[in-house]
Amino acid sequence: MFPALALADYLGMMGHHVHIATDRRGLRFIPASSPYAVHTLAADTLRAGVLGKIMGLLWLMFGVVQALFLLLKTRPAAVVGFGGYPSFPAVMAAHILRIPVVLHEANAVLGAANRFLARGAVAVALSHATDDWTLSIPYIVTGNPVRQDIVALTAHPYPLMMGDIHVLVVGGSLGAAVFADIIPAALLHLPEALRRRVRLVQQISAERHQAVQAVYDQAGIRAELAPFFTDMPDRIAACHLFIGRSGATTVAELAVAGRPAIFIPYPHHADQQQLKNTAMLVQAGAAWAYPERDLHPDQLTAQLQVLIENPDILLRAANAAKGCGQPDATAHLAHIVTGATK
C-alpha cells in the first residue's frame, strides 16, 4: 500500500484523478484525510487444502466482478497493480476490458499475483534488478516508490555520533518475540558503559510494554516505547541505527534516507522475500542481516558493541545505504504509467 499511496500522491500532483482499489485489509493504511476515491473489492489468498483454495478462488472471482463494474463506471486510462492478492481483481478486470496495465513489484522476488498477471501488462516495474525474472515481458527497474516525507530526508545528513547512539527498533507492534525478547536481552548484555550511551526508540505491543520497559530500566537504557509512531520520518532522520524487519518499503526508505540497519527478516514467507530484500544493502556494506531462526542475543550484543565503539563503521554504512537509494523511483514509475495511456 505504501508504494501505491506514494504513486497516487505523485500522480495527483501531476493533475491526474486517482482512484484506489484494495481489500478490507488495505483500508487501514489509507489516511482518513486521503483525497482519493477509495473502493473496497473482495479478495483473499488461496489457503491450504482443496476447500481453502476453492473458497479463495471464488472470493477472488467475486472481486473481479466488482472490479469490472467499477472500471466500467470510472473508465480509467490505466490500472497500476502493486502485487499481492488485493491487486488481483482490479488488474484482472483491466485485462478483460483491455485497459492498459502497469505492474510494480516491490520485493526482490516476484510475487505469485504479479507473475500470473504480467503477461497482459504493458510494462512491469521492479524495485531493483532480480535474477528471479523468468517471463519475456518488458520490464524496467524503477526502484520502490516512497512517500515524499521520506524523500525529503535526502537533505538530512547522517547525524554525527557525539557519544550517544540513537537506535530505532521497528516491527514489534504485533508482539514478535524477536523484538520483545531478543533485542532487550542483547542490549542488557552490553557493557554498562555502552548501555548508558544507548538512546532507544522501540515499537512494542501494549501487552509487552511493561515487561520490556523493566528490562531497559534494569540495564540503565533510556528507552521510549510505543505500539505505533506517527512521525516515522523524524524517527528515521534522528537514528544512527535501525533494527527491524526487511519489508520492501522499509528497505527502500532506509536506503533513500541513508541510514544503516540490522535486519531480522520475517522468516515465514515461502519464497523468503524479506531475506532477499536485504541482499543489495548487505552487499553494499549498508546493512547486516540475521535469519531469525538462528539468531541468539549474543550475536546482536557483539554486533552492537562493535558499532557503538566504531562509529566510523556506521558512517560508512550510512553512505553506502544512500548510494543504494532511489529517491526518483516514484517519478520514474509515474512517467511509465502516464506513458502507458498514450
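Please refer to the structure higher up on the page.
The model shown is predicted, which means the values in this text are computed figures rather than measured ones.

### Re the nonpolar core
With 36 residues, the main nonpolar core has Ile183, Ile243, Ile262 and Leu300 as its most contacted residues. Put simply, the parts of the chain that give this core at least two residues each are strand E7 (165-170), helix H6 (177-188), strand E8 (198-203), helix H8 (206-219), strand E10 (241-244), helix H13 (297-309) and helix H14 (311-324). Take this core: its biggest share by element is seven residues, from H6. One finds Ala226, Phe242, Phe263 and Ala320 within the second-largest nonpolar core, a separate group that totals 28 residues.

### What to know about the layout of surface pockets
Estimated volume of the second largest pocket: approximately 340 Å³. Leu5, Asp9, Phe29, Pro31 and Arg147 are the residues nearest the centre of the second largest pocket, which is lined by 14 residues in total. The element that contributes the greatest number of residues to the lining of the second largest pocket is helix H1 (residues 2-13), accounting for four residues. Among the residues forming the lining of the second largest pocket, the class breakdown is eight nonpolar, three polar and three charged.

### Overview of empty space enclosed by the protein
Counted under the stated rule, the structure contains two cavities of 30 Å³ or more. Of the voids in this model, the largest cavity is the one considered here, and its volume is about 140 Å³. Residue lining of the largest cavity: 17 residues in total, with His128, Asn144, Val251, Ala252 and Met280 positioned closest to the centre. In this structure, the second largest cavity occupies an estimated 30 Å³ of space. In this structure, the second largest cavity is lined by Val167, Leu187, Leu190, Val198, Leu304 and Ile308. Here the lining of the second largest cavity is built from residues that sort into six nonpolar, no polar and no charged.

### Some words on the sheet that holds strand E4 (residues 101-105)
The strand order across the open sheet built from four strands is E3-E4-E5-E6, with neighbouring strands paired in parallel fashion. Because the sheet does not close on itself, it has two edges, and the strands there are strand E3 (79-81) and strand E6 (139-141). Shown here is a sheet whose adjacent strand axes are inclined to one another by a mean of 20 degrees, direction ignored. Bridging between strand E5 (residues 123-126) and E6 involves three bridges; their strand directions are parallel. Bridge pairing in E6 links Leu126 to Val141.

### Some words on the side chain of Thr142
With respect to the helices and strands, the residue Thr142 is situated in the loop between E6 and helix H5 (148-151). You can call Thr142 buried: its relative accessible area is 3%. Other than its neighbours up to four places away in sequence, Thr142 contacts His104, Ala125, Leu126, Gln326, Ala329, His332, Leu333 and Ile336.

### Points about the environment of Thr40
Along the chain, the position of Thr40 falls in strand E2 (residues 37-40). Setting aside anything within four residues of it in sequence, one finds Thr40 in contact with Thr22, Asp23, Arg24, Leu27 and Gln66.

### Here's the deal with the sheet that holds strand E11 (residues 261-263)
As summarised here, the arrangement of the six strands in space is E9-E8-E7-E10-E11-E12, forming an open sheet in which the pairing is parallel. In the strand order of this sheet, the two ends are held by strand E9 (222-226) and strand E12 (287-289), each with one partner. Strand-to-strand twist across the sheet, computed as the mean angle between neighbouring axes with direction ignored, equals 15 degrees. Two elements, E8 and E9, share five bridges in a ladder whose sense is parallel. Paired with Gln202 across the two strands is Leu225, which belongs to E9. Sitting on the sheet, helix H10 (residues 248-257) touches E10 and E11, and the angle it makes with E11 is about 165 degrees. Sitting on the sheet, H13 touches E7, E8, E10, E11 and E12, and the angle it makes with E11 is about 170 degrees.

Criteria and cut-off values
Residues numbered from 1 in each chain as written. Predicted model: local features only at pLDDT ≥ 70, side-chain atom pairs only at ≥ 80, totals over all residues. Heavy atoms only, no water. Core = buried A, V, L, I, M, F, W, Y, C linked by side-chain atoms within 4.5 Å. Buried < 20%, exposed > 50% of the residue type's maximum accessible area, 1.4 Å probe, protein only. Helix = DSSP H or I, 4+ residues; strand = E, 2+ residues; numbered from the N terminus. 1 Å grid on protein atoms, 1.4 Å probe; cavity = no way out; pocket = protein on both sides within 12 Å on 5 of 7 lines; lining within 4 Å. Points joined across faces, edges and corners; volume = space filled by probe spheres on them. Nonpolar A, V, L, I, M, F, W, Y, C, P; charged D, E, K, R; others polar. Pairing = 2+ DSSP bridges. Axes fitted to C-alpha atoms, helices over the stretch in contact; angles between N-to-C directions. Contact = heavy atoms within 4.5 Å.

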